[in-house]
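Each chain, letter by letter, is given below.
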Amino acid sequence: MRAPVPDVVYEISNGIESSIAVIEVDLAESFNNPPIVHDAFGGADDSESVSVDVLEGAYDPDGPAEGLRLVKALGTEGSPTVKGDRLRVDRSPNPLVVPFRVEDADGAVATASLYVPPTGTGIPYVKPDALIEIPEGGSAKGKLSDYIVTPSQGTVRLVGRDAVSASPSDLDPTRTGDGSFEISARDGFRGPGALLVQVTTATDATGNEDPQDRADGYTALLSIPVQVGDDTPVLECPQTTITISAGETYDLDIASLCNVWTLDPAEAATLDYRGEWTQPVDGLSVDGNGSAVLRVSADERATEGGEAALAVTAGASAPASIRFRLVKAPPPTLLPIRVDDMEAGQSRDLDLARYLESEIADPDPTVVSVITVSGSGVSASKSGGSRIALRAGPEARGQTVLRVIMSDVADASPASTRTAEGRIEFAVAGVPGAPSQPFSYVNREKGTIRISWEAPKDDGGSPITKYVAKEVRSGRSISCRTTVCDFPGLQDATKYAFRVAAVNKVGTSAFSDQSKTAYADTPPGRVRSISMLSRGDHTITVGWKKPDSTTEIEEYLLTWLGNSVSLDGSTTSFVVPNLDNNRKYFFSVEARNSVGWSAVRQSEPFQSIGTPLAPTGLQVVDLQAGEQVTDVRATWSPTLPEGEAPTLYTVSYSVAGKAPAAVPGCSRIQSTACTHGGRTYDGSIYSYSVRAHNALNSSPASSAVNFEAVGKPRSWGAWQAFPTGSDNQARVTATAPDSRGKTSRAAILVGGQVVWEADVSEGVAINEVVSTPSNAMEYPVQLRMCNENAPTGCTVSADAKSIQTYGPLRTEHLNPVSAQVNGLQVTWTISGTSNGDAALLGVRTDNGAEEVIALDSRGSFSVTKAVTVSDYNTRTEIRVRLFDDAPTGRGEAQVSGQATTGNPPPPTVSIYKQRACNDGDSDTTNDCSNLGMLGCTNNRCGFMGINVTGARVHFGCQVTKSTANQNMWAYEGNMDNGETITDWVFDAGYIEVTCEAGQGGPNYFSVTAALNW
C-alpha cells in the first residue's frame, strides 16, 4: 500500500508581509514514480578511498524514504563496494565517476553518480574554521599556510597582478610576499568582510598549470572570512518608510527584513530582538520584544496620520531605525447600489455592506440613515448593521429614489469623515394599462389579417413582455411579441374584429376597444415569370404571366433603369423603346389588386440588338516574312457590337477582279488583327476589307485598302555617318542588305537628294565620302536600297542621321575686328564662323595674358570684349586667334586691331565773390580805393575767386563780359586746378570769365563761367 502524498506548503516573505501557497500533488494510479537521488561527492581529505552515504537527501515521491535501497555500483574502476546506504571507492591518480543504482519499495529505479577526487593532488581550499581577526582601525598580517589547505602537499603561493583584494571597500589588503599578506580596516568600520586571494601550487611562474600533468598543481581564487572588531551582532535595516493604516498590523521578521550579521550565521535566529519607539505617534504600538518577530499595530481609531521611528536591536547590536508613516484614512465611499425592480405589495431586505469601500484595515459597515427622496407608496427603514428593509404598498407605482448614509465604523453618530452618502433607485411595477384600439394593415398571407396598435401609455413600471390579441366573434386569441401581429386561420371575404391586452411580469391589462371590421383578403402574389418575347434595334418586348390573386388584378408597374410605366391589369406585355443596344437591362414587374401591391419580380438581363457599324481605321502592312513570299497583316479599330458582346470580325480580300473571299483563319474572330500568309511577290494587287458581326446581324464592309505584292529590300542594319574634317565632306559606312530582287542598287541621300548611287551585292561593305551643301548647318543623311520594282521595291533607312560637316580654320573664317570707343573704355567686336564645328577664340589685349573663349556656335559667331584703358588719347591693341582643340589639326586663323581712347572731358570752372571790399579796417588786403579806375569804394564791391577742377594742363582765365565794364579783358595765366584769388574788383552786375588751354591739342578746352554779382 502506498504512503499518502502530502501537500507541499511554502511561504515567501520580505520580513514585513508573507504569502503562503500550497502545491497539491495528484498521483496517477498506474504510474510508479522513480526515486529522486542526487549525485554524491567524495572528500579530497579522505584516505586512499572514499566512503559516502549516497542515499542522504534521496526520497521516493510516492513512497517512504525508508524503502529506498542502494542496489549496485555500475562499473569496476576504483573497485566499488556497496555496504548498506554507503558506497566505497578506491581513489586513483585520476578523478573517477562511478554511477550507482537505487531502487524504491515498488521496484522503480534511478541512477546517480559518485565523483571521486584523485590521490596526491587537489585544488587548494580554505580551512573550515579560518577567520582573520582585525581590531577596529587596525591591521593584521598572515600567511597563506595558516588559512589554506593544499591536498597535493605542494607549496601554495600568491599569483597574478591582482593576487589580493577585499570586500567591503573599508578593507585594504596588501601582498607582502609570495605566501604572505597584510590587511587593514578603516577607522569606524566594524563588522564582517572577506579577503580574496588568487593562489596556485603550479610550477609555472604565472600560475598556469599544465592541464595534461596533474602533478603541475592547481590555481584557485579563494575567499577567507574577516572579522573587524568584536563579534557583537551588526544590524542594518532598510531606509524605506513603511506605510500603515488604521486597524492594520505588521509582523516584522527582523532577520528577513534587516541584514543581521553574527560570527556564526546560525546564531542570528537565537538573538534577543527588541523594538522601542524613538519617535512615537498616537495609535501605534509595538509588541513581541524578545522574539524574532515584532508586531507593529495601528489602532482602528488612529486616523490622523503622522511619522514614527522604531529603534530595533539584535542582542547587543547598535540600534537600527525602521520608519513608519501612519496614513490618515480617507472617508469611505459608496459604490452605485443596484436594486432589482419591485412589484406592488412586495417587501425586500437588503445588505449594503458590499457597496461600502473603506481604507481602514477592519471596517464595520453600518447604515446611519435611509430617507425617501422621491416616489410614493414605498417605505424604507434600517434593519440593523448594514441592512435596510423595503416595502412597496399595493398602490405603489413608478420610480423610487432613496438617500442612504453609511459609515465604516459602528457608531450611532459617526464623524463626517467616516461617512459616505449614496442613492438607491428602483422601480415599482403593476399591471400595464390597456393598448389602443387595433387597426388592420395590408395582409401578406392568405387567411391572415395583419393588425397593429399603440403600446399603453402606462407599462405598469415594468417592460411589456408580450400582447394578447383576441378575435371578438370566435373568442380565439394568440400571443404577439410586438405591436404588429398576423392573426391566422381566417376565411376570405369574411368580417372580423379584434381586441388587444398588454402583459408585463406583474400581470395582464384590460383589453382594448374593439377594432373596426377587417377582411382576410391579401395582395396578389408575384408575377410568375418575366420573359423577352422579341427584340429589335433599340427595342425589347417584355412579357409576364399573371400572378395568383384573390381579387382581380387592377394594375401592373413595369420598371427598368430609371424608367417605369403603369399598365392596365389586363396587359401582360410591353414594347420597351429607346434602349442602348450595347447595354443589358433588368426589368421588374409588380401587380396590384384591391388590397395592395405584390412583391417585385425581376427578370434575367435582356439586351436589344441592332446592326454594328462598319469598322474603321483598316491598315495593311507587309511583314516581309520571306524573299519571294510574305505575310500581310491587317489591323483595324474596334466597333461596338450593338447587341451582346463580343463583336466578331471577318476579313475578306479580292485579287485581280475575283470575287471577295474570307482570309483563312479570320472569319468571325474577336481580335482586331489578322495575318494573311503566303502572299507571293508577283505584283498582284490585293484589296482588303473587314465586316463586324453580332449574334444576328453583320455590318457593311469597311472601306477597302489595297496592297501591291511587290517585294521590298530588307531593312538596313547598323550604319554610320560622320564628318571627315574636310569642307563639306562626310563619310558613310554600311553593309548592303538583301534587295529581294534581281537588281540591287544602293544610294546615299543628303537632304533628300541622291549624292551617291551604285549597284551592290548583298553583304557588300559601303564606305563612301559624300558631299554636303555646306558646313553651315546640319543635313539629314539616309540610305536607300531598290530592286527592279522601284520605286515600290525600295527601302529607306528608318534612322536618318543628322550630320554637320566641318573643315580647316583659315583667315577668311575670322573677320577684321571693330572697336567702339567711349572715353577710357574700348569695346571690341570679334566675328567669324567656326566652319562646322564649334571652335575656340584666343583673345589677348595690350600684350596681356590670353583669354580663351569657347564658342557655342558651329557656324557664324559674334562676341564682344570690353577693355578699360588707363588714360585718354592712348592707343590700345587686340590680337585674336581662331583654333580648335577637339578635334585638333584644323589650323588657325589670326587677326589684330588697334584703337585710341577718347579725349578727356572739359574741366569744371566756377567764379564767385571771394571777399568784400573794406577800406575802413586795418586789413589792407581788402582795400579797393587804391585800385584807381578799376577800384570800387561801396560795400557791394569785392574780389573775384576762380575755382577749377579736372584740367590736365596749365591754363589761363580772362574776363570776357562785365556789365559794369570793370576789369574787362583782365587775364590770369599759368593757372592750376584749385582756387585762385584774383585782384579783380567788381561792383554789382553780370560777369563772364573764360578759361582756356591746349591751343587745339588733345588736352584743349575752353570753358566759360558766369555770375550775377
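Residues numbered from 1 in each chain as written. Predicted model: local features only at pLDDT ≥ 70, side-chain atom pairs only at ≥ 80, totals over all residues. Heavy atoms only, no water.

Section: unusual backbone geometry
For the bond running from alanine 790 to proline 791, omega is 5°, close enough to zero to count as cis. Positionally, proline 791 belongs in the loop between strand 64 (779-786) and strand 65 (794-796). Omega for the peptide link from alanine 886 to proline 887 comes to 5°, which places this bond in the cis form. Looking at the secondary structure, you find proline 887 in the loop between strand 72 (875-883) and strand 73 (893-900). For asparagine 728, which is not glycine, the phi dihedral falls at a positive 60°. In this structure, asparagine 728 sits in the loop between strand 59 (720-723) and strand 60 (729-735). If you check the backbone angles, tryptophan 969 has positive phi at about 65° while not being a glycine. (Helix = DSSP H or I, 4+ residues; strand = E, 2+ residues; numbered from the N terminus.)

What to know about the packing of aromatic side chains
Following the criterion strictly, the structure yields 15 aromatic pairs and no others. Taking 6.1 Å as the distance between ring centres and 40° as the angle between the ring planes, the aromatic pair formed by tryptophan 560 and phenylalanine 587 counts as tilted. Linking tryptophan 560 in strand 47 (residues 555-560) with phenylalanine 587 in the loop between strand 49 (573-576) and strand 50 (588-592), this pair joins segments that are 27 residues apart in sequence. As far as the burial class goes, tryptophan 560 and phenylalanine 587 line up, both buried. Aromatic side chains tyrosine 686 and phenylalanine 707 sit 6.5 Å apart centroid to centroid with 40° between the ring planes, which places their arrangement in the tilted category. Here phenylalanine 707 lies in strand 58 (residues 705-708) and tyrosine 686 lies in strand 57 (residues 685-693), a separation of 21 residues in the sequence. (Phe/Tyr/Trp six-rings, centres within 6.5 Å; stacked < 30°, edge-to-face > 60°. Buried < 20%, exposed > 50% of the residue type's maximum accessible area, 1.4 Å probe, protein only.)

Some points on the state of the cysteines
Tallied over the entire structure, the rule returns 5 disulfides. The side chain of cysteine 480 participates in a disulfide bridge whose partner is cysteine 485; the two sulfur atoms lie 2.1 Å from each other. The chirality of the disulfide connecting cysteine 480 with cysteine 485 is left-handed, given an S-S dihedral of about -75°. In this structure, cysteine 480 and cysteine 485 share a single accessibility class: buried. (Disulfide = S-S within 2.5 Å.)

Topic: the sheet that holds strand 68 (residues 825-833)
With respect to topology, 3 strands assemble into an open sheet ordered 67-68-71, the strand pairing being antiparallel. Bordering the open sheet on either side are strand 67 (818-822) and strand 71 (860-868), each of which pairs with just one other strand. The average undirected angle you get between the axes of adjacent strands in this sheet is 20°. (Pairing = 2+ DSSP bridges. Axes fitted to C-alpha atoms, helices over the stretch in contact; angles between N-to-C directions.)

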